[in-house]
Amino acid sequence: MVRLSNRLLAITGASSGIGRAVALQAAQQGARLALAARRLDRLRDLADQIEAAGRPRPLVVACDVRDAESVESLRQQVETMVGVPDILLVNAGRGAFRPLVELAPAEAADVIATNLTGAVFCVRAFLPGMLVRGSGQVVFVSSVLGELPAPEHAVYGATKFALTGLAESLGYELGPRGIRVTLVAPGLVSSEFAQVSGTPLVRFRQVPHQTPERVAATILRAVHRRQRYCVADRFAAVAIAFRRHCPRLAHWVFARAIARAYARHRG
Ligand SMILES: NC(=O)c1ccc[n+]([C@@H]2O[C@H](COP(=O)([O-])OP(=O)(O)OC[C@H]3O[C@@H](n4cnc5c(N)ncnc54)[C@H](OP(=O)(O)O)[C@@H]3O)[C@@H](O)[C@H]2O)c1
C-alpha cells in the first residue's frame, strides 16, 4: 500500500485511540509521521512499534494543545526536523458526559480549550507553512455529536458543532489557496475517550460503536479521496440527514427516543 507514500502526516492526540490507530495505518501506507500528545512515553512506545515494523521512525513531540506556546513549539520542532506537514490531523480531544448543571466550570472550560481552542491553535500554527507551499490538507476529527445534539453532552457537542463551522469557514478561505479542509465525524468509538469523559459503559450496549482501527481506516480513506465531509457511522449518517431535511419531525422523534431510553435506563 503506497497511498501516503512519503507524505508527512502530523497527528495531534496520537498517544491513544483514533490518533494512534491512524498513525499505525498511515505508517503502513508509507507516510512519514510527526506525533503529538501530552504523554510522551506513549508516543515513544508507538514510535518503537512503527520502527520495529520496518517503517521510518516518527518524530514524537510532547504537546498540550490548550497551550499556544506548546503548540508553537510543536510546529517549530516538526518544521525544523521533518518539514511542513502535507496533512495535519487535528484529533486531540476529550469529552465530559454529565448534565450541564453538574459539570464543574473548570471541566467545561477544559473541554472547550482542548477541542476548540486547541484545534484553532494547531491549524493557526501550521497554516503559514502550508500557505507558502500552496498545498496541504487539514483534517478535523469531529463527532456525530457535532450534528446530533444529545443530553449530557452539551458542552462537548457544542465544541464539535463549532468545529463544523470552523472547518466549513476554512474550506472557503483555504480552498482557493490549495489547502483542502476535511471534517470526519465518528460515532461512538471504543477508546480511552469513554473513561476520560465518564461515558457510562452501558452506552456500548445501547449504541452501535466502532473500533479506533475502523475509524482510522475511514479517516485515511477520506484523506485519500480529499473528501470535505465524512460521517464515519452509517446509523448516525441517516439520523443527521433526517435532522437536516426534516428538522421539526426529527426533533419530535429524537425527543421521544431519548425520553424512552432514559426511562428504560432508570427503570
Ligand atoms: N471515542 C469516541 O466515542 C469518539 C466519538 C466521536 C469523536 N471522537 C473524537 O475523536 C478524537 C480522538 O478521541 P479518541 O476516541 O481517540 O479518544 P482517546 O483515546 O481518549 O484519545 C484522545 C487523544 O487526545 C489527546 N489529548 C487529550 N487532551 C490533549 C491535550 N490537551 N493536548 C494534547 N493532546 C491531548 C490524548 O493524549 P494525551 O492524554 O497523551 O495528551 C489522546 O492521544 C477526539 O477529538 C474525540 O472528540 C471520539
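Not measured: the values here are computed from a predicted model.

Re the packing of helix 4 (residues 105–133) against helix 5 (residues 154–174)
To describe two helices that pack against each other, one gives the angle between their axes and the distance between the axes.
Right, so step 1: With their axes 9 Å apart at the nearest point, helix 4 and helix 5 run at an angle of 15° to one another. With respect to helix 5, the element helix 4 is oriented roughly parallel. Every pair of crossing elements has a handedness; the one defined by helix 4 and helix 5 is right-handed. Contacts between helix 4 and helix 5 involve Ala108, Val111, Ile112, Asn115, Leu116, Ala119 and Val120 from the former and Val155, Tyr156, Thr159, Lys160, Ala162, Leu163 and Leu166 from the latter.
Right, so step 2: Class assignment for the residues of the contact of helix 4 with helix 5 results in 11 nonpolar, two polar and one charged.

Overview of the site of the ligand
Right, so step 1: As a structural note, the neighbourhood of the ligand is formed by 32 residues, with Gly13, Gly17, Arg38, Gly93 and Phe193 the closest of them.
Right, so step 2: Residue assignment for the shell around the ligand shows that the elements contributing at least two residues are helix 1 (17–28), helix 4, strand 7 (188–189) and helix 6 (193–197).
Right, so step 3: Its residues assigned to classes, the shell around the ligand shows 13 nonpolar, 12 polar and seven charged.

Comments concerning the pairing of strand 1 (residues 8–12)
Right, so step 1: With five of five residues buried, strand 1 lies mostly within the body of the structure.
Right, so step 2: The alternating pattern of strand 1 places Leu8, Ala10 and Thr12 on one face and Leu9 and Ile11 on the opposite face, and all of these are buried.
Right, so step 3: Across five bridges, strand 1 lies against strand 2 (residues 32–37) in parallel orientation. Looking at strand 2, one finds that Leu8 is bridged to Arg32.
Right, so step 4: Following the chain from strand 1 across helix 1 to the adjacent parallel strand 2, one finds a crossover that is right-handed.
Right, so step 5: Sheet topology note: the strand 1/strand 4 (residues 87–90) ladder contains three bridges and is parallel. In the strand pairing of strand 4, Leu9 is matched with Ile87.

Comments concerning the sheet that holds strand 5 (residues 136–141)
Right, so step 1: Pairing within the open sheet is parallel, and its seven strands lie in the order 3-2-1-4-5-6-9. Both edges of this open sheet fall to strand 3 (59–62) and strand 9 (229–232), since each of them pairs with a single strand only. Sheet twist, expressed as the average angle between the axes of neighbouring strands with direction ignored, equals 15°.
Right, so step 2: Two elements, strand 4 and strand 5, share four bridges in a ladder whose sense is parallel. Bridge pairing in strand 5 links Leu89 to Val139.
Right, so step 3: Of the strands in this sheet, strand 1, strand 4, strand 5 and strand 6 (179–186) are in contact with helix 4, which crosses strand 4 at around 175°.

Regarding helix 3 (residues 68–81)
Right, so step 1: Over its 14 residues, helix 3 extends 20 Å from the first C-alpha to the last, a length consistent with the 20 Å expected when each residue adds 1.5 Å.
Right, so step 2: Those residues of helix 3 that fall on the buried side of the exposure criterion are Val71, Leu74, Arg75 and Val78. One face of helix 3 carries all of its buried residues, which in axial projection span an arc of 100°. Opposite the packed face of helix 3, turned more than 90 degrees from it, sit the exposed residues Glu69, Gln76, Thr80 and Met81.
Right, so step 3: On its buried side, helix 3 packs onto strand 1, strand 2, strand 3 and helix 4.
Right, so step 4: Phi for Gly83, located one or two positions after helix 3, is positive at around 115°.

What to know about unusual backbone geometry
Right, so step 1: Residue Asn6 is not a glycine yet carries a positive backbone phi of 65°.
Right, so step 2: Considering the arrangement of structural elements, one finds Asn6 in the segment before strand 1.
Right, so step 3: Judged by the 10 C-beta atoms lying within 10 Å of it, Asn6 is exposed.
Right, so step 4: The phi angle at Glu152 is positive, at roughly 70°, despite the residue not being glycine.
Right, so step 5: With respect to the helices and strands, the residue Glu152 is situated in the loop between strand 5 and helix 5.

Conventions used here
Residues numbered from 1 in each chain as written. Predicted model: local features only at pLDDT ≥ 70, side-chain atom pairs only at ≥ 80, totals over all residues. Axes fitted to C-alpha atoms, helices over the stretch in contact; angles between N-to-C directions. Helix = DSSP H or I, 4+ residues; strand = E, 2+ residues; numbered from the N terminus. Parallel < 35°, antiparallel > 145°, perpendicular 65-115°, else oblique. Left-handed = near helix turned anticlockwise from the far one by under 90°. Contact = placed C-beta atoms within 7 Å. Nonpolar A, V, L, I, M, F, W, Y, C, P; charged D, E, K, R; others polar. Near = placed C-beta within 6 Å. Buried ≥ 20, exposed ≤ 12 C-beta atoms within 10 Å, placed from the backbone. Pairing = 2+ DSSP bridges. Right-handed = clockwise from strand over helix to strand, strands pointing away. Expected span 1.5 Å × (residues − 1). Arc of directions from axis to C-beta.

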